[in-house]
Each structure stands twice: as C-alpha cells, then as structure tokens.
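# Residue-level structure breakdown
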Amino acid sequence: MVHTPAPGRSVVFADGVRTPFGKARPDGLHAQTRADDLVVACLRELLRRNPSLPPERVEEVAIAAATQSGDQGLVLGRSAALLAGLPVTTPGYAIDRWCAGAMTAVTTTAASIAVGALDVALAGGVEHMGHHPLGQGMDPNPRFLTERIVSPDALDMGKTAEALHDRFPQLTKQRSDEYAVNSQAKFAKAVANGQVGADLVPVASPSAEKGWGLATADELARPGTTLEALAGLKTPFRPHGRVTAGNASPLTDGATACVVAAEETAADLGLTPRMRLVGFAFAGVEPEVMGLGPIPSTEKVLARAGLGIDDIGLFELNEAFAVQVLSFLDHFGIADDDERVNPYGGAIAIGHPLAASGVRLMTQLARQFSEHPEVRYGLTAMCVGLGQGGSVLWENPNWGGAN
C-alpha cells in the first residue's frame, strides 16, 4: 500500500536526546538533581548538537510530566526554556497524558506545525519518580468508585497488568519472564554495540557520600538476567500473581527532548530529518486493562494511513509490563521474539520515567531507521494509565524508495 499524506505540511523528527535513566531511590543517579534541570540538560544538548538551529527559531517548548508539582511544576515548558537560555520570546507549556506525555508533546507540536502555526518546536518529558512517587498527591474523585465507573484495581497499574493475565490465559508468567530476559539481553547488546550511548546527555550527579560525579550511562539494566532468577521473585500486586519486578519496568528518574520541525524548515536550517511523521492516534479502553490501549490506537492510525500491520518494519513498544507488550503482539499475530520489536531492548531493562518515555521510543526508532534503509515504516506505541493508548506512525527518510 502507498501512504497518502494528510493535508498540511510534512513534519519531521530532526533529533532526540535523553538523560541516562536512574533508579528512583535515595542513592539513584539523579537523587540530588532537580527534575527541571534534567529537562534543561536535554534542551541545551539539542541546541549544542544542532548549531544550525538558531535558538530564536524555536517557537514552542512543550514538556510533559505526570506529576506536575514541585520541581516538575511551574509551567515546565516555559520555565525549562528560560533556564536553558532560550530567548524570553520563546513560549512554552506543560502537558499531561501520564505515560504518553512526551508522545503527546510531540504530536501536539507536530499538529501545530502541520497547520502552519509553528515551524520548529522542542518537545519532551520528565519524570523524577524519586522526588514524586507514582500517584503522589492524587485525589481521585470518589465517584469513580461509588458510581462504579472504574474498579479500585484500575487505579493500580500493577493490578491492571495482572488483569491482562486473567483475561488472556495464554499470556503466562513464563512468557512474560522470557520476554523480560530477552529485553535485558537486547539492551546489553545494543549498549555494547554503541547504539545507545550516542543519544545520552551526560548529567552532573552530586552525591552526599561521593561528591560530584557525572552520570553517563543508564543504571537500571540487569544484564545476565536468567529465567531462574525471575522465577523466584515476589508478586507484589497479588499473592501467587504473575507480575514481578523482573517482568515490569522499574521506577525511574529521567528526561527526554527532541526537535520537531516542518520538513521545508528543516531543509532551510540544515537539520537532517531522521523520521517523517505519517500520523498518530490515541484511543481509550477499559481502565482495568489499560495495557490494551495501544491496540485500538494502532488500528486507528494504520487505518487512517491506509496501511496494515505487515507494512511496519520496526516497532518501539513501551514495556510498562511484559504482559502488556505480549497482548499487543498476540493481537496482531507477531511472535514474542520478532526481530522488528524493540531491537535495542525496552523499558524493562532501560527504565520508564513515565511522561518522558515517548520520546525515548522515538529516538531509538530514529537510530534504527538509519541502520535499516530497507524499512519504510516504523511505529512507536504505548499504554497509558486510566485506560488509553497512543501510537505514532513514522516513515524512514533513508528508505531506499523514498524521494
């Protein structure tokens, strides 16, 4: 099938970076670093890596956070832009679609570019889960439960993952553990091959015990993980359950950011398009099984583009939980170990700083596109708390048949 672009200007992903992802605990990489400073490091690195992009040409900064308080508050896009040294004329805003926050920051700024409201934007996200634990400060409306709008389990992400195991008995703990072991192995291989480090922004890492240091690598991966080791882990969300710390993403601190631009503007500025936006979609599902969200959002974006799942040559799926990815793969008839899926490993090994993860997926896909000119289309997709999914479809500018 041949994609027919939607009306509007072509939008490209020009570059993406992220901080090393750290453990969300008092001795983690970023324990003594502010969340907004993690964002600032990413914004400054994007400008450093793209000297042909004048700061005054950046017309919007959109930064996501799931917990918008403390060092993740104060209109994060605008405050980070000022702290990063962008002109005072550069506006910015904060955005929240929980885990799909950075993904939504990209799609929202891209939509503005497509209709001609902007030419260039910086978009990304941050989550310092060490400073802001999951659910901190939340006050769910009591009507959710009193009127049975959702089950109490819908507000606990681990329990929604257990619910997927319940709904689909073929998604066994064994399969989840095997998937997790494979994710760890793929990430370790990608690091060894130099496919990850180039996108990391070194961040100062102060420690009361060790003094000042420099965070240059992720600290959450567990290379050499075995099935035997995972088999003995506790199931914190349910006695004798199937979801463990080994087949789920860890609590993570980190930030991401990227350059999104109109294709003609990128050409004028000498920016190299790394991906071309084809389309995006978000969809809702039952909150109790929020992990199914990327299925309808992917079906929606593929239908709008006139493409099928077999047209997708590379997938970057957020591994909130192994069972969530497996539900997606089963639905579309994709093997658990398909080489197109998360070739560098995923969040089970790398970490998942909630609102930041969407741009991490995009940055990895962009690098994979450069390695695979035979692949035309790629997909970034993720589930979202309270029952949503987001999917973004990209075209490879390096594709052999591209103009």
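Residues numbered from 1 in each chain as written. Predicted model: local features only at pLDDT ≥ 70, side-chain atom pairs only at ≥ 80, totals over all residues. Heavy atoms only, no water.

Moving on, we come to the packing of helix α3 (residues 101-114) against helix α12 (residues 357-371). Running from amino to carboxyl end, α3 crosses α12 at an angle of 70 degrees, the nearest separation of the two axes being 5 Å. One way to sum up the angle between α3 and α12 is to call them roughly perpendicular. Where α3 abuts α12, its residues A102, M103 and V106 lie against G358, V359 and M362. (Axes fitted to C-alpha atoms, helices over the stretch in contact; angles between N-to-C directions. Helix = DSSP H or I, 4+ residues; strand = E, 2+ residues; numbered from the N terminus. Parallel < 35°, antiparallel > 145°, perpendicular 65-115°, else oblique. Contact = heavy atoms within 4.5 Å.)

Now for the UniProt feature "active site" (unreviewed entry) in the protein. Mapped onto the present numbering, the UniProt feature "active site" (unreviewed entry) falls on C99, H352 and C383. Their sequence span is 285 residues, while the largest C-alpha to C-alpha distance among them is just 11.9 Å; these annotated residues converge on one region. Every residue in contact with C99, bar those within four places of it in the chain, is listed here: H352, L354, A355, M382, C383 and V384. With respect to the helices and strands, the residue C383 is situated in strand β11 (residues 377-384). Among residues more than four places away in sequence, those in contact with C383 are C99, M290, G291, P294, A320, Q324, Q388 and G389. (UniProt positions renumbered as here; feature names shortened; annotations may be inferred.)

Among the surface-exposed residues, L145, L155 and L386 lie close enough to one another that they form a single nonpolar patch of about 220 Å² accessible area. With respect to the secondary-structure elements, L145 resides in helix α4 (residues 143-146). L145 sits in the partly exposed class, given a relative accessible area of 42%. (Patch = residues over 30% accessible without salt bridge, like charges linked within 9 Å, V, L, I, M, F, W, Y side chains within 5 Å. Areas by Shrake-Rupley, 256 points an atom, 1.4 Å probe, with all protein chains shown as cover. Salt bridge = Lys/Arg side-chain N within 4 Å of Asp/Glu carboxyl O. Buried < 20%, exposed > 50% of the residue type's maximum accessible area, 1.4 Å probe, protein only.)

The next subject is the packing of aromatic side chains. Taken as a whole and judged by the stated rule, the model has four aromatic pairs. With centroids separated by 6.0 Å and ring planes inclined at 75 degrees, the aromatic side chains of F13 and W394 adopt a geometry described as edge-to-face. Here F13, found in strand β1 (residues 11-18), pairs with W394, found in strand β12 (residues 388-395); they are 381 residues apart in sequence, far enough to count as distant. With respect to burial, F13 and W394 carry one shared label: buried. When the ring of F328 is compared with that of F332, the centres are 4.8 Å apart and the planes differ by 50 degrees; the resulting orientation is tilted. On the basis of relative accessible area, F332 is assigned to the buried category, the value being 15%. Joined through ring pairs, the aromatic side chains of F315, F328 and F332 make up one cluster. Sitting above the plane of the F282 ring, R97 keeps its charged end 3.7 Å from the centroid. Geometry around W399 places R376 over its ring, the cationic atom sitting 4.3 Å from the centre. (Phe/Tyr/Trp six-rings, centres within 6.5 Å; stacked < 30°, edge-to-face > 60°. Lys NZ or Arg CZ within 6 Å of the ring centre and 35° of its normal.)

For the rest of this paragraph, the subject is the pairing of β1. Counting buried residues along β1, eight of its eight residues qualify, which places the element largely inside the surrounding structure. Here β1 runs beside strand β8 (residues 252-262); their pairing, made up of seven bridges, is antiparallel. Bridge pairing links V12 to A261 in β8. Sheet topology note: the β1/strand β9 (residues 275-284) ladder contains two bridges and is antiparallel. Within β9, the position partnered with F13 by the bridge is M275. (Pairing = 2+ DSSP bridges.)

Okay, α12 next. Taking 1.5 Å as the rise per residue, α12 with 15 residues should run 21 Å; its terminal C-alpha atoms sit 22 Å apart, in good agreement. Most of α12 sits inside the fold, with 13 of its 15 residues counted as buried. (Expected span 1.5 Å × (residues − 1).)

Unlike most non-glycine residues, W98 shows phi in positive territory, near 45 degrees. With respect to the helices and strands, the residue W98 is situated in the loop between β4 (92-95) and α3. Here the phi dihedral of N342 falls at roughly 45 degrees; this positive angle occurs in a residue that is not glycine. By the secondary structure assignment, N342 is in the loop between α10 (322-331) and α11 (347-350).

So, about the side chain of D71. Turning to its location among the elements, D71 is positioned in the loop between β3 (61-64) and α2 (76-83). No salt bridge is formed by the buried D71; the nearest opposite charge belongs to R34, separated by 5.3 Å. Among the polar contacts made by the side chain of D71, one reaches the side chain of H131 at a distance of 2.8 Å. In this structure the side chain of D71 is engaged in a polar contact, spanning 2.6 Å, whose partner is the side chain of H132. Setting aside its immediate chain neighbours within four residues, D71 contacts R34, A35, D36, L76, H131 and H132. (Lys, Arg positive; Asp, Glu negative; His and termini not counted. Polar contact = N/O pair within 3.5 Å; in protein donor to acceptor, adjacent residues only side chain to side chain.)

Each domain of the protein was delimited in the assignment, giving domain 1 (9-132 + 249-274) and domain 2 (149-194 + 276-393). The C-alpha-based centres of domain 1 and domain 2 are spaced at 22 Å. On the side of domain 2, 34 residues touch domain 1, which itself brings 39 residues to the contact. Here domain 1 meets domain 2 over a buried area of about 2,900 Å², counting both sides, of which 69% is carbon and sulfur. Summed over the shared surface of domain 1 and domain 2, the number is one salt bridge. When the shortest N-O distance is used, the salt bridge between E263 and R276 registers 2.8 Å. The interface formed by domain 1 and domain 2 holds eight residue pairs in polar contact (both at pLDDT 80 or more) in total. (Domains from an automatic or database assignment. Buried area = accessible area lost by both parts, 1.4 Å probe.)

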